[in-house]
Amino acid sequence: MNITIRKCMISDAPRIREISKRALGFDYPQDKFEENIRRLMASGSNCIFVAENNETFLGYCHVCDFDVVYGPKLSILRAIAVEEEYRRYGAAKKLLEAAEAWAKRHGSEGMRIYGGTERAAANCFYKSAGYEFVKPESKFKKDF
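These numbers were taken from a predicted model, which means no experiment stands behind them.

Let us look at the pairing of strand β4 (residues 74-82). Summarising burial for β4: eight of the nine residues are buried, a large majority. Where strand β3 (residues 56-66) lies against β4, eight bridges are found, and the strand directions are antiparallel. Bridge pairing links Cys61 to Ile80 in β4. Across three bridges, β4 lies against strand β5 (residues 111-113) in parallel orientation. Residue pairing across strands places Ile76 opposite Arg112, the latter belonging to β5. The parallel pair β4 and β5 is bridged by helix α3 (residues 91-105), and the resulting crossover is right-handed.

In total, this model carries two aromatic pairs according to the counting rule given. Taking 6.2 Å as the distance between ring centres and 65 degrees as the angle between the ring planes, the aromatic pair formed by Phe66 and Tyr114 counts as edge-to-face. With Phe66 in strand β3 and Tyr114 in the loop between β5 and α4 (120-128), this residue pair connects regions lying 48 residues apart in the sequence. By relative accessible area, Phe66 is classed as buried at 17%. On the basis of relative accessibility, which here comes to 47%, the residue Tyr114 falls in the partly exposed class.

Here the focus is the sheet that holds strand β1 (residues 3-7). Across a sheet, strands are paired by hydrogen bonds formed along the backbone, either parallel or antiparallel in direction. In space, the five strands of this open sheet follow the order β1-β2-β3-β4-β5, with mixed pairing throughout. Of all strands in the sheet, those with a lone pairing partner are β1 and β5, marking the two edges. Along the sheet, successive strands turn relative to each other by an average axial angle of 30 degrees, direction set aside. Helix α1 (residues 13-24) contacts β1, β2 (46-53), β3 and β4 of the sheet and is inclined by roughly 85 degrees relative to β3.

The rules behind the values
Residues numbered from 1 in each chain as written. Predicted model: local features only at pLDDT ≥ 70, side-chain atom pairs only at ≥ 80, totals over all residues. Heavy atoms only, no water. Buried < 20%, exposed > 50% of the residue type's maximum accessible area, 1.4 Å probe, protein only. Helix = DSSP H or I, 4+ residues; strand = E, 2+ residues; numbered from the N terminus. Pairing = 2+ DSSP bridges. Right-handed = clockwise from strand over helix to strand, strands pointing away. Phe/Tyr/Trp six-rings, centres within 6.5 Å; stacked < 30°, edge-to-face > 60°. Axes fitted to C-alpha atoms, helices over the stretch in contact; angles between N-to-C directions. Contact = heavy atoms within 4.5 Å.

Structure representation (structure tokens):
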């Protein structure tokens, strides 16, 4: 498999939306999804990468700045997903490496990943990539 990584284009939005829905459980309307991708692509503090094999969409990742007052400048991996039939070929690893390289270029001193405890395979992947488990966390939400 010849996996290449490139920056997202707006034409990737439908595929990113579908895999986000199927693999990550995020079901968001297509028009708002495209609007978000346009906004994020225009932002210097976000980057979306796409993995392909001979122009076949394999997956994507979203990385962004994670600035805090209580520590160094960091980046956060907001999402990473690879189509099920293309897993274990190295696409996720290349996506993560692209996200880490982006973070370093943006002056980050580290990367944070918040993953669900129910995603055992993903958590094993992060550990194999050199990430250490820090602590379980609670997640709260309030819509406006």
